[in-house]
Amino acid sequence: MTNLKEALFQQCVAHVNTRLQTIQTIISSHQKALSSETKSSAGDKHETGRAMLQLEMEKAGQQLASVQQMQQTLARVAIAKSSTSVRLGTIIETSSIHYFLSVSAGKLTVNQTTYFAISASSPIGQLLVGKQAGDIFQWNGKEIKINNVL
């Protein structure tokens, strides 16, 4: 079980690191573009270009903050601890899908089994936190049973 959690956790870390590198590259690119942009005779066109770059920088800054929050969440994931109720770092096996409660990293595969890495603050994550094996919950009009919490 710990090996499974470790594999899922490492995939989440890789996902977050990839996003971080992408955002840092975008920010660096925009900073270079802003500093190299020179005043042209077009005037308004120059100002519009700078404003667009500034908006892109703000968007990238928000994405960076989101990724840093994900890193903080991953730092709190205790994969070595077992639990009978759903909490950060648990694997939830339901009648339909398997989840790993950590950060929103999407579809992960370990040993030909698909898991969905979800955040505790996501709608499904909020529904699952605190639940135990045998509990039943409603999601998208479907009744789903929790078969196991690891």
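What you see is a predicted model, and the numbers here were worked out from it, not measured in a lab.

Calculation rules
Residues numbered from 1 in each chain as written. Predicted model: local features only at pLDDT ≥ 70, side-chain atom pairs only at ≥ 80, totals over all residues. Heavy atoms only, no water. Helix = DSSP H or I, 4+ residues; strand = E, 2+ residues; numbered from the N terminus. Rg over C-alpha atoms; globule rule 2.2 N^0.38 Å. Buried < 20%, exposed > 50% of the residue type's maximum accessible area, 1.4 Å probe, protein only. Contact = heavy atoms within 4.5 Å. Polar contact = N/O pair within 3.5 Å; in protein donor to acceptor, adjacent residues only side chain to side chain. Core = buried A, V, L, I, M, F, W, Y, C linked by side-chain atoms within 4.5 Å. Pairing = 2+ DSSP bridges. Axes fitted to C-alpha atoms, helices over the stretch in contact; angles between N-to-C directions. Expected span 1.5 Å × (residues − 1).

Colleague: I'd like a rundown of the overall build of the chain, residues and numbers included.
Modeller: In terms of helices and strands, the chain carries three helices and six strands. Starting at the N terminus and ending at the C terminus, the chain contains elements arranged as α-α-β-β-β-β-α-β-β. Here the C-alpha atoms of the chain give a radius of gyration of 21 Å, more than 25% beyond the 15 Å that 2.2 N^0.38 yields for 150 residues. Structurally, the chain occupies a C-alpha span of about 70 × 35 × 25 Å along its principal axes. A buried classification covers 35% of the 150 residues belonging to the chain. Taking the intrachain contacts of the chain between residues at least 6 apart in sequence as the baseline, contacts between residues at least 24 apart amount to 51%.

Colleague: Requested: an account of the side chain of Ser122, with residues and values cited.
Modeller: Tracing the chain through its elements places Ser122 in the loop between β4 (113-119) and α3 (123-128). In this structure the side chain of Ser122 is engaged in a polar contact, spanning 2.7 Å, whose partner is the backbone oxygen of Ser119. A distance of 3.0 Å separates a polar atom in the side chain of Ser122 from the backbone nitrogen of Gly125.

Colleague: Talk me through the nonpolar core; I want residue IDs and the actual numbers.
Modeller: Residues Leu8, Cys12, Leu74, Val77, Ile91, Phe100 and Val103 are the most contacted members of the largest nonpolar core, which totals 28 residues. Contributing elements (two or more residues each) for this core: α1 (2-36), α2 (44-76), β3 (106-110) and β4. If you tally residues by element for this core, the top one is α1, at nine residues. Judged by nonpolar contacts, the second largest core, of eleven residues, contains Val86, Phe137, Ile146 and Val149.

Colleague: So what's going on with the sheet that holds strand β2 (residues 98-102)? Which residues, and what values?
Modeller: With mixed pairing, six strands are arranged side by side in an open sheet as β3-β4-β2-β1-β6-β5. Each having just a single partner strand, β3 and β5 (136-139) make up the two edges of the open sheet. Averaged over all pairs of adjacent strands, the angle between their axes in this sheet comes to 40 degrees, without regard to strand direction. Sheet topology places β3 next to β4; five bridges connect them, and they run antiparallel. In the sheet register, Thr109 faces β4, and the bridge partner there is Thr114. On top of the sheet, α1 reaches β1 (91-94), β2, β3 and β4; it is set at about 140 degrees to β3, its chief contact.

Colleague: Tell me what's going on with α1, and back it up with residues and numbers.
Modeller: Taking 1.5 Å per residue, 35 residues should reach 51 Å; α1 reaches 51 Å between its end C-alpha atoms and fits that length. The complete set of buried residues in α1 reads Leu4, Lys5, Leu8, Phe9, Cys12, Val16, Leu20, Ile23, Ile27, His30 and Leu34.

Colleague: Could you give an account of the pairing of β2, naming the residues involved and the relevant values?
Modeller: Within β2, four of the five residues are buried, which leaves it mostly tucked inside the rest of the structure. By the bridge criterion, three bridges tie β1 to β2 in an arrangement that is antiparallel. If you follow Ile92 over to β2, its bridge partner there is Tyr99. What sits between the antiparallel neighbours β1 and β2 is a turn of three residues.

Colleague: Pulling in residues and values, what's your account of the side chain of Ser83?
Modeller: Of note, Ser83 is situated in the loop between α2 and β1. At 2.7 Å, the side chain of Ser83 forms a polar contact with the backbone oxygen of Ser85. The contact partners of Ser83, leaving out residues within four places of it in the chain, are Thr90 and Val149.

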